[in-house]
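What follows is each chain in one-letter form.
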Amino acid sequence: MPKLKSIAVTGSTGQLGQSFKHIAVNYPCYDFTFVGRGDLDFNEPESIIDYFEQHQFDVIINCAAYTAVDKAESEPELARQINHLAVKKLAGIASNQNAKFIHISTDYVFNGKQYRPYNELDGIAPQSVYGETKLAGEQAIFEIMPVNAIVIRTSWVYSEYGNNFVKTMLRLGSERDALNVIFDQIGTPTYAQDLATAILAIVDSKDFTTSVFNSELYHYSNEGVCSWYDFAKVIFSHSEIECIVSPIETKDYPTPATRPHYSLLNKTKIKQHFNVTIPYWQDSLRKCLKNLQEKA
Ligand code: NDP
C-alpha cells in the first residue's frame, strides 16, 4: 500500500493543531509540518498561494479557523475570509497539487431544534455568522474537490491548550464559590487529542491511502451527552473543586451569537467507515484534567 508521508497541519497554534503536535511523536512514519499564522495568513490570500508554491504535501489537515463565535457577529467579513474564502483557496491548492485534504467544521451548522443526534444528511440551518461561514467553507470544499477531501464536523472542543470551557471552569472554580452555567444547551464535549488521533487513523486507512476517494462528510465528538451545566459539575467533581454550580437558561445568559440548544452528533458513519473507537467524554476529560494538573 503506498504510504502518504508528508502532512501539513495548519492552525498549529490552536487547540487541535497543538494536539496534533503532541501526538505526532507516536507517528514516526509521517513527516509533519506545523504551519502557523506566521507561515501563512488566512486573511492574506496571496500568502496562502506563496506558501504552497514553495511547499507541497501529500495531506493537508486544516485546523485553522476563526473560532470567536460571539465576536464573529461583529466581524462577519473577517470570519468569512478565514472560514470560507481561505478554505476555498486551500481546497483549490490541494486539488491542483493532488493532495488529500481534511477540514474541520462544526455542530453550529445546525439550528439545534432536532431531538435525535444529527447525522450527516440532516438539514443545515446555521444560527450565527460563525456557523454560516463554516458551512460556506464546507460547501466550497465539496464544490472544488468532489474527490480526495474529508470534512469532519465536531463540537465543544477542549484540550490542555488555549482557551476552552474546561480551563475557564478550572479558573473560575478556583476564584469563586458559586457559578451559574447554562443547562438548556445539550451536546457532547470533544477532547482535541481524541479528534486528532481519529484523524490520523483515517489518514492511515486503506480507503484514504489508495488513490482517489469520493469526498465525504463525517461527524465526530466524544461519546455520551451532557449540558454545559453537567460538564461544569463533572469538571469540578473530578478536580475536587468545591464550587456550587447552578443551572441557568440560555435566555438568562445573553450572548451576541445564537447557539443551538441541541447539537448531539451521530457518529455512526465515521465509526463504521474507519473503524474508529470513540472514548466516552468523561474518560477523556479525566485524561485532560490529569495532564493539566501535571503541567501546573
Ligand atoms: P482554535 O481557536 O484553538 O485555533 C484556531 C487556529 O486558527 C489557531 O492556530 C489560529 O492561529 C488559527 N488562525 C486564526 N486566524 C488565522 C489566520 N488569519 N491565519 C492563519 N491562522 C489563523 O481552534 P480549535 O483548535 O478549537 O478548532 C479547530 C477546528 O475545530 C476549527 O475548524 C473550528 O472551527 C472547529 N471547531 C471548534 C470547536 C470548539 O469548540 N473550539 C467546536 C466545533 C468545531 P493564532 O493562534 O495565530 O490565532
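Up top is the structure these notes are about.
Scope of this entry: the structure provided in the associated data block.

So, how was this worked out
Residues numbered from 1 in each chain as written. Predicted model: local features only at pLDDT ≥ 70, side-chain atom pairs only at ≥ 80, totals over all residues. Heavy atoms only, no water. Near = heavy atom within 4 Å. Polar contact = N/O pair within 3.5 Å; in protein donor to acceptor, adjacent residues only side chain to side chain. Helix = DSSP H or I, 4+ residues; strand = E, 2+ residues; numbered from the N terminus. Salt bridge = Lys/Arg side-chain N within 4 Å of Asp/Glu carboxyl O. Buried < 20%, exposed > 50% of the residue type's maximum accessible area, 1.4 Å probe, protein only. Phe/Tyr/Trp six-rings, centres within 6.5 Å; stacked < 30°, edge-to-face > 60°. Lys NZ or Arg CZ within 6 Å of the ring centre and 35° of its normal. Pairing = 2+ DSSP bridges. Axes fitted to C-alpha atoms, helices over the stretch in contact; angles between N-to-C directions. Parallel < 35°, antiparallel > 145°, perpendicular 65-115°, else oblique. Left-handed = near helix turned anticlockwise from the far one by under 90°. Contact = heavy atoms within 4.5 Å. Nonpolar A, V, L, I, M, F, W, Y, C, P; charged D, E, K, R; others polar.

A few words on the site of the ligand. Lining the immediate surroundings of the ligand are 24 residues, of which Thr13, Arg37, Thr67, Tyr130 and Lys134 lie closest. Gln15 is positioned with one of its backbone polar atoms (N or O) 2.9 Å from an oxygen atom of the ligand. Between Val157 and the ligand, the recorded distance is 3.0 Å, taken from a backbone N or O atom to an oxygen atom. Elements with a minimum of two residues in the shell around the ligand: helix H1 (15-24), strand S4 (100-106) and helix H4 (129-144).

Attention shifts here to the pattern of salt bridges. The full count for this structure, using the stated rule, is 12 salt bridges. A salt bridge links Glu216 to Lys269; its shortest N-O distance comes to 2.6 Å. Of the two residues, Glu216 is situated in strand S10 (residues 216-219) and Lys269 in helix H9 (residues 268-274); the sequence distance between them amounts to 53 residues. Judged by its relative accessible area of 28%, Glu216 is partly exposed.

Scanning all chains against the criterion turns up 19 aromatic pairs. Centre to centre, the rings of Tyr118 and Tyr262 are 6.3 Å apart; their planes meet at 50°, and the pair counts as tilted. Taken together, the positions of Tyr118 in the loop between S4 and H4 and Tyr262 in the loop between strand S12 (244-248) and H9 put the pair 144 residues apart, joining distant regions of the chain. Each of the two residues, Tyr118 as well as Tyr262, counts as buried. Aromatic pair Phe231 and Trp281: ring centres 5.6 Å apart, planes at 85°, arrangement edge-to-face. Here the residue Phe231 occupies a position in helix H8 (residues 228-239), and Trp281 occupies one in helix H10 (residues 281-295), the gap between them amounting to 50 residues. The same class applies to Phe231 as to Trp281, namely buried. Each member of the aromatic cluster is reached from another via a ring pair, and the members are Trp156, Tyr158, Phe165, Tyr191, Trp228, Phe231, Tyr280 and Trp281. Looking at Lys100, its charged tip hangs above the ring of Phe208, at a distance of 5.8 Å from the centre. For the cation-ring pair, Lys269 lies above Tyr218, with the distance from its terminal atom to the ring centre recorded as 4.9 Å.

Here we come to the sheet that holds S4. Spatial strand order, S2-S1-S3-S4-S5-S10: six strands in an open sheet with parallel pairing. Each end of this open sheet is capped by a strand with a single partner; those strands are strand S2 (31-35) and S10. Pairs of neighbouring strands in the sheet enclose a mean axial angle of 20°, with direction left out of account. In the sheet, strand S1 (residues 6-10) pairs with strand S3 (residues 59-62) via four bridges, with the strands oriented parallel. Residue Ala8 lies in a different strand from S3, and its bridge partner there is Ile60.

Structurally, the position occupied by Leu172 is in helix H5 (residues 165-175). It is 36 Å that separates the C-alpha atoms of Leu172 and Thr33, two residues lying 139 residues apart in sequence.

Attention shifts here to the packing of helix H2 (residues 45-54) against helix H3 (residues 76-96). In helix packing, the relevant descriptors are the interaxial angle and the interaxial distance, both defined with respect to the helix axes. The interhelical angle for the contact between H2 and H3, taken along N-to-C directions, is 30°, at an axis separation of 10 Å. What the angle tells us is that H2 and H3 run roughly parallel. The element H2 and its partner H3 pack so that their crossing is right-handed. For the pair formed by H2 and H3, the contact residues are Pro45, Ile48, Ile49 and Phe52 on the first element and Gln81, Ala86, Lys89, Leu90 and Ile93 on the second. Residue composition of the contact of H2 with H3, grouped by class: seven nonpolar, one polar and one charged.

Geometric values such as these leave the question of function open.
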